[in-house]
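Chains, contacts and geometry: an overview
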Amino acid sequence: MRRRKTDYGTIILHWLLVAAIVVAFVTGLRIATEAPDRTWINWLDTVLPSSSVWVPHMQAAVVLTAVSIAYAIYLIRSGLTRRVVLDKIRLRGLVGRKQARFGSFSVLLVWIFFATMLTLIVSGGLLYFGLSAGYGMLTVHWYATWVIPAFATFHVLVHYAIGRSSQLLRVFRPDRVPPPPPRLDPVELLTMLVEKSSSSAAEFQSTSKAPLQPTEPHEAAHDRRDTRRPTTHQKPTMQSSSKKPTTRRPVKPRNVTLQSNPLVVAAAVAITGASAVVAADWMAVDDLRIHRIAVANAPILDGDTSDPVWRTIPPFSVMTNNGDHFDGRGESKIDIRAVHDGTWAYFLFTWEDPTRSLKQLPLIKQVDGWHLLHDGYENGDEHAFNEDKFSVLLTTLDVDLAGDRTFHASPQPIPNAPATMTGRGLHYTPAAGIYADVWQWKATSGGPTGWMDDDHFGPPVEPTPQQVSHVVPYKGGFEPDPGSANYSDNFVVSFDPASGTRYVMPRRLPKNLAATTAAMGQITLDPDVGESDGARWFMTEAESDPYTPERDRQIPVGTVLPGVIIAGEFTGDRADVRCAARWASGHWALEVARRLEVDSQYDVALRTGVFMRVSAFDHTQIRHTRHVRPIRLEVE
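Computed from a prediction, not measured in an experiment: that's the story for all the values here. (Residues numbered from 1 in each chain as written. Predicted model: local features only at pLDDT ≥ 70, side-chain atom pairs only at ≥ 80, totals over all residues. Heavy atoms only, no water.)

1. Some words on the confidence of the model for the chain
This is how the line gets drawn: The predictor rates its confidence in each residue with pLDDT, a number between 0 and 100. Two residues qualify as a contact provided that any one of their heavy atoms is within 4.5 Å of a heavy atom in the partner residue.
Here the chain shows a mean pLDDT of 86. Residues at 70 or above account for 86%. Throughout residues 212-246 the model reports pLDDT below 50, and contacts reaching past four residues in sequence, or to other chains, amount to 7 contacts. A low-confidence stretch, residues 252-259 (pLDDT under 50), is modelled with 9 contacts involving residues beyond four sequence positions or located in other chains.

In structure tokens:
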């Protein structure tokens, strides 16, 4: 069997494309594990990356874009476009003989691959730059991803059917690049035809005047040669010698074609284009300007967006996605405005949320005792009875994709630490002494009293015995700042190892059950139904007493109690961020204030060059929305 070969340009581009696709595919799958209902991808945990995900995914995307450009140019420059032409002949071949059918089907597969790659590159670019980062574009990108492994499977099978192993092995056997065909010049072609026509006419005229004599075939040929030009033994006649000899000048080509290596040209153009994209991305950073204002113009923290200062500040908008709920789309557009008076920085965050969700792990009394309303709380992944939340991350890490420095995918990203109970990754920073500042607003826990919880991502902490035994989830490097909060759970969970049963007991019971029930507004146990304006789902310490069996017997079956107790104040570093929030017409508005300069190692000063990320939670514990590119602060 003949050893089939392929030009080395195709082989180089082919394997570059394969390598980039593999990197993009495995990192993309790891990114997808953070989306709701896709934890099944963790079955592939051993072959998926964990320490760095977003950066190599974007790098692979740049390589894919460059190789796509290079391949198109290479086909044109090398004259190999016939390989992929899907014309009428190829389409007819789909119903032709076996060999023609496989060849035509191979070309059809190639065009499906071209369309898929274009879809992935365009949709990925729109998601990355935030131009169209909603649920619809994510869905297109997700399904287009799965076309690639399907194509690869059929591509190998079809080529095997065409030429068995010899056809498959040709991508390992390089051959020279075929020279491109000469460029057709219509003017030169017409000139040659005219000259040819004139020469033929003159020859016909000279031969028609000569007397016709029968000759042998070989003699006739000899005579025809004589009529065209004199031989060396013929003497020129007087008529012929009187004319000047005419010489035919060579036709000068009108278009000069530069014969260069097609692969070199394709690579040069592709590298230039990819470099331009990278440079544009580096320079076009999303900047949030913190405008300077007078102290007298500082906004009042009341959740009201009508402050005069907010009307003069254009919002910075970012579309976040890959969260849970939000009417099943998992996306929320967030608008940010920011000002400072030289001492304090003020932010106004507004985001889309269809419901005002305040039900934070409420308790319900049934015939057999108290029960916790939840769905996933035991694994640290409550996604039903949870309050709305909003978080802000600040980091000085000088990377474009800061998430790769603070989030690590995989159910067990730290080898010697407990695996996560959720199947998702962990937040922690790469080295000791490096911290990312995290603010968390909660609609029931602390938020209504004017505090935004000040936390941080730091190096991984040592797991507790309960975390090692998976009684409570291990959180990596996510910890609250030193100090105390003014909220706590209104329940105690005990665990019986023998039976594996969890028992729930309220910590405090209301002094006035009717007043507590009225404060909760219209009570519905549907987690997707929000609470009415003015409702609150927490009890204060002054409104409640410690649990006693005697008081418990006075509470009827079916009673629902808040799962949060408010007592005291925020203290220490945990009390650095003040806030106020309101919900109306499907939007939350959150006003936040914090000093520009801080003296805690866990906090990040608000200065030019600091990167920010924002996330929204729709009654879910950890499944928040996100955006790819961070926001760079610019302080006036």
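2. A look at the nonpolar core
Our working definition: The set of buried Ala, Val, Leu, Ile, Met, Phe, Trp, Tyr and Cys residues whose side-chain atoms join them within 4.5 Å is what this entry labels a nonpolar core. Any residue under 20% of the maximum accessible area for its type is buried, any over 50% is exposed, and the rest in between are partly exposed; the area is computed with a 1.4 Å probe on protein chains only. Numbering goes from the N terminus for both helices and strands, where a helix is a DSSP run of H or I of at least four residues and a strand is a run of E of at least two.
Among the nonpolar cores identified, the biggest contains 42 residues, and Phe347, Phe349, Phe390, Met452 and Met612 are the most heavily contacted of them. Per-element accounting of this core gives the leading share, 4 residues, to strand 6 (residues 344-352). In this structure, methionine 612 is in contact with Leu288, Ile336, Phe347, Val392, Leu393, Leu394, His627, Pro630, Ile631 and Leu633, ignoring residues within four places of it in sequence. By size, the runner-up hydrophobic cluster in this structure holds 16 residues, among which are Phe113, Ala144, Ile148 and Ile162.

3. Remarks on the pairing of strand 13 (residues 451-457)
As a reminder of what qualifies: A pair of strands counts as paired when DSSP detects no fewer than two bridges linking them.
Within strand 13, 7 of the 7 residues are buried, leaving the element largely enclosed by the surrounding structure. With 5 bridges joining them, strand 12 (residues 436-442) and strand 13 adopt antiparallel strand pairing. Its bridge partner lying in strand 13, tryptophan 439 is registered against aspartate 454. In this structure, strand 13 lies alongside strand 25 (residues 577-584), joined through 2 bridges in antiparallel fashion.

4. A look at helix 2 (residues 54-78)
Stated formally: Given a helix with a known number of residues, its expected span is that number minus one, times 1.5 Å.
Here helix 2 spans 36 Å end to end across 25 residues, near enough to the 36 Å set by a 1.5 Å rise per residue. Considered for burial, the residues of helix 2 that qualify are Pro56, His57, Met58, Ala60, Leu64, Ala66, Val67, Ala70, Tyr74, Leu75 and Ser78. Lining the buried residues of helix 2 we find strand 1 (6-7), helix 1 (8-32), helix 4 (98-128), helix 9 (262-283) and helix 11 (403-406). Once helix 2 finishes, glycine 79 follows within two positions and takes phi at roughly 70°, a positive value.

5. So, the pattern of salt bridges
What counts is decided by this rule: Any Lys or Arg side-chain nitrogen found within 4 Å of a carboxyl oxygen on Asp or Glu counts as a salt bridge.
Going through the model one piece at a time under the given rule, you end up with 20 salt bridges. Its salt-bridge partner being arginine 289, residue glutamate 634 comes within 3.2 Å of it at the nearest N-O pair. Pair noted here: glutamate 634 is in strand 28 (residues 631-635) and arginine 289 is in strand 3 (residues 287-292), with a separation of 345 residues, a long-range link. Here lysine 442 ties to aspartate 453 by a salt bridge, and the two come within 3.9 Å at their closest N and O atoms. Here lysine 442, found in strand 12, pairs with aspartate 453, found in strand 13; they are 11 residues apart in sequence, far enough to count as distant. The two residues lysine 442 and aspartate 453 agree in class, both being buried. The network of salt bridges with common partners includes Arg289, Glu634 and Glu636.

6. Notes on the packing of helix 1 against helix 5 (residues 135-169)
Rules: In this analysis, axes come from line fits to C-alpha atoms, helices being fitted only over the stretch in contact, and the angle between any two N-to-C directions falls in the range 0 to 180 degrees. Working definition: roughly parallel below 35 degrees, roughly antiparallel above 145 degrees, roughly perpendicular at 65 to 115 degrees, and oblique for all remaining angles. Note on convention: the crossing is left-handed when the near helix lies turned anticlockwise from the far helix by less than a right angle, right-handed when the turn is clockwise. We call Asp, Glu, Lys and Arg charged. Ala, Val, Leu, Ile, Met, Phe, Trp, Tyr, Cys and Pro are nonpolar, and the rest, Gly among them, are polar.
Their axes nearest at 11 Å, the elements helix 1 and helix 5 cross at an angle of 140°. Relative to helix 5, helix 1 is oriented oblique. The chirality of how helix 1 crosses helix 5 is left-handed. Of the residues in helix 5, those in contact with Ile21, Phe25, Leu29 and Ala32 of helix 1 are Trp142, Thr145, Trp146, Ile148 and Pro149. Taken together, the residues of the contact of helix 1 with helix 5 sort by class into 8 nonpolar, 1 polar and no charged.

7. Section: the sheet that holds strand 8 (residues 369-372)
Across the sheet, which stays open at both edges, the 3 strands sit in the order 8-7-22 with antiparallel pairing between neighbours. The open sheet has two edge strands, strand 8 and strand 22 (560-561), and neither has a second partner. The pairing of strand 7 (residues 363-366) with strand 8 spans 4 bridges and is antiparallel. Its bridge partner lying in strand 8, isoleucine 364 is registered against histidine 371.

8. Observations regarding unusual backbone geometry
For histidine 325, which is not glycine, the phi torsion reads 65° and is therefore positive. Relative to the helices and strands, histidine 325 resides in the loop between strand 4 (316-320) and strand 5 (332-340). One non-glycine residue, serine 410, adopts positive backbone phi at about 100°.

9. Re the pairing of strand 7
Between strand 7 and strand 8, which pair antiparallel one after the other, the connecting turn spans 2 residues. Relative to strand 22, strand 7 runs antiparallel, the two sharing 2 bridges. What sits directly across from isoleucine 364, in strand 22, is valine 560.

10. Comments concerning the sheet that holds strand 23 (residues 564-566)
With respect to topology, 3 strands assemble into an open sheet ordered 16-23-20, the strand pairing being mixed. Here the strands that pair on one side only, and so sit at the sheet edges, are strand 16 (487-489) and strand 20 (539-540). Note that strand 16 and strand 23 share 3 bridges and pair antiparallel. Along strand 23, the bridge assignment pairs tyrosine 487 with isoleucine 566.

11. Structural notes on the packing of aromatic side chains
Note the threshold: Only Phe, Tyr and Trp rings take part, Trp by its six-membered ring, and two of them pair if their centres are within 6.5 Å. Stacked means planes under 30 degrees apart, edge-to-face means over 60, and tilted covers everything else. Both a distance and an angle decide whether a charge sits over a ring: NZ of Lys or CZ of Arg must be within 6 Å of the ring centre and within 35 degrees of the ring normal.
The final tally for this structure, using the stated rule, is 21 aromatic pairs. Here phenylalanine 347 and tryptophan 439 contribute two aromatic rings whose centre-to-centre distance is 6.0 Å and whose plane-to-plane angle is 70°, an arrangement assigned as edge-to-face. With phenylalanine 347 in strand 6 and tryptophan 439 in strand 12, the pair connects residues that are 92 residues apart, well separated along the chain. Chaining the aromatic ring pairs together yields one cluster made of Phe347, Phe349, Trp351, Phe390, Trp439, Trp441 and Trp588. One residue, arginine 38, lies across the ring of tryptophan 142, its end atom 3.8 Å from the ring centre. For the cation-ring pair, lysine 389 lies above phenylalanine 617, with the distance from its terminal atom to the ring centre recorded as 4.7 Å.

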